[in-house]
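# A structural walkthrough
Here is how the chains run, residue by residue.
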Amino acid sequence: MAVKNIMIVGVGGQGTLLTSRILGGLAISAGYDVKLSEVHGMAQRGGSVVTFVRYGQDVAEPIVEEGQADVIIAFERLEALRYAHFLKKDGALVVNDWKIDPMPVVIGAAKYPENIIENLEKEHKVYTVNATEESKMLGNPRVFNLIVLGVAAQHMDFTKEQWYQVIENTVPPKTIEINKKAFDTGYEM
């Protein structure tokens, strides 16, 4: 199998690191060589956070080059726009259709771009989900990242049972059921 390149992008506090641990654990349990790399911008709440997960028979380095990502999982629209150039031609861009104003917008030094999703769809295969609203309907807004991951899972080579196993092994025990329910919500979209 050729090396698979996954990028997870979001804002500090959105669960990008947990999501990369789930994905890395999944690939390891499936017998792949795995390299993870966390690239923090401003890792406190509000700053950009990027993680790379690369898996395959033999993975030399952890960094995904521009134009090489098979899947980009974006927990926020502007982060999807910011990193879309990493996606390969036939890659999948999975976007949580949610807006978090970055500091330059908050202080009035910049404007939040309009029509991000529509513009991304002109060049990429974009799969959107309003995971933030969906997670509120499940009763726990913190599990939105598992909904996005469920959508992204449709573009990867693992069974639902493999995903469940690694979710059970990674999330806090008291949150296993809600996280699995969130994953299912995305997986069935």
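Above this text you will find the structure in question.
Throughout what follows, the structure given in this document is the object of discussion. (Residues numbered from 1 in each chain as written. Predicted model: local features only at pLDDT ≥ 70, side-chain atom pairs only at ≥ 80, totals over all residues. Heavy atoms only, no water.)

Attention now goes to the nonpolar core. Soluble globular proteins tend to bury their nonpolar side chains together. If you look at the biggest cluster of nonpolar residues, it comprises 36 residues, and the most contacted ones within it are Ile-73, Met-156 and Trp-163. A total of 8 residues in this core trace back to one element, the largest contributor, which is helix α6 (residues 144-153). Other than its neighbours up to four places away in sequence, Ile-73 contacts Ile-6, Met-7, Ile-8, Val-9, Val-94, Val-148, Leu-149, Ala-152 and Met-156. Core analysis: the second largest hydrophobic core is formed by 22 residues, Ile-72, Ala-84, Phe-86 and Leu-87 among them. (Core = buried A, V, L, I, M, F, W, Y, C linked by side-chain atoms within 4.5 Å. Buried < 20%, exposed > 50% of the residue type's maximum accessible area, 1.4 Å probe, protein only. Helix = DSSP H or I, 4+ residues; strand = E, 2+ residues; numbered from the N terminus. Contact = heavy atoms within 4.5 Å.)

A separate point is the pairing of strand β4 (residues 69-74). Of all 6 residues that make up β4, 6 are buried, and the element is covered over most of its length. Bridge count for strand β1 (residues 4-11) against β4 is 4 bridges, and the pairing is parallel. What sits directly across from Ile-6, in β4, is Val-71. As defined by bridge partners, β4 adjoins strand β5 (residues 87-96) across 5 bridges and the pair is classed as parallel. Pairing of Val-71 across the sheet is with Ala-92, part of β5. For the crossover from β4 across helix α2 (residues 77-83) to β5, the handedness is right-handed. (Pairing = 2+ DSSP bridges. Right-handed = clockwise from strand over helix to strand, strands pointing away.)

On inspection of all chains with the given rule, the structure shows 10 salt bridges. A salt bridge links Lys-99 to Asp-101; the nearest nitrogen and oxygen atoms lie 3.7 Å apart. One salt bridge in this structure joins Asp-184 and Lys-160, with 3.3 Å as the shortest N-O distance. A residue pair is termed long-range when its members are at least 10 positions apart, and Asp-184 in helix α8 (residues 176-187) and Lys-160 in helix α7 (residues 160-170) qualify at 24 residues. By the burial criterion, Asp-184 is buried, and Lys-160 matches it. Connected through salt bridges with shared partners, the residues Lys-160, Asp-184 and Glu-188 form a single ionic network. (Salt bridge = Lys/Arg side-chain N within 4 Å of Asp/Glu carboxyl O.)

A separate point is the side chain of Asn-179. As for its position among the elements, Asn-179 is in helix α8. Residue classification places Asn-179 among the buried positions, given a relative accessible area of 6%. When residues no more than four places from it in sequence are discounted, the contact partners of Asn-179 are Val-143, Leu-146, Ile-167 and Val-171.

Turning our eyes to something else, we now look at a nonpolar patch on the surface. On the surface, Met-103, Val-106 and Ile-107 cluster together into a nonpolar patch covering about 340 Å² of accessible area. Mapped onto the elements of the fold, Val-106 is located in helix α3 (residues 103-106). (Patch = residues over 30% accessible without salt bridge, like charges linked within 9 Å, V, L, I, M, F, W, Y side chains within 5 Å. Areas by Shrake-Rupley, 256 points an atom, 1.4 Å probe, with all protein chains shown as cover.)

Every buried residue of helix α5 (residues 131-138) is accounted for by Ala-131, Thr-132 and Ser-135. Looking straight down α5, one finds its buried side chains confined to an arc of 100 degrees; they lie on one side. In this fold, the buried residues of α5 make contact with β5, β6 (125-129) and α6. Downstream of α5 by a residue or two, Gly-139 has a phi angle that is positive, lying close to 95 degrees. (Arc of directions from axis to C-beta.)

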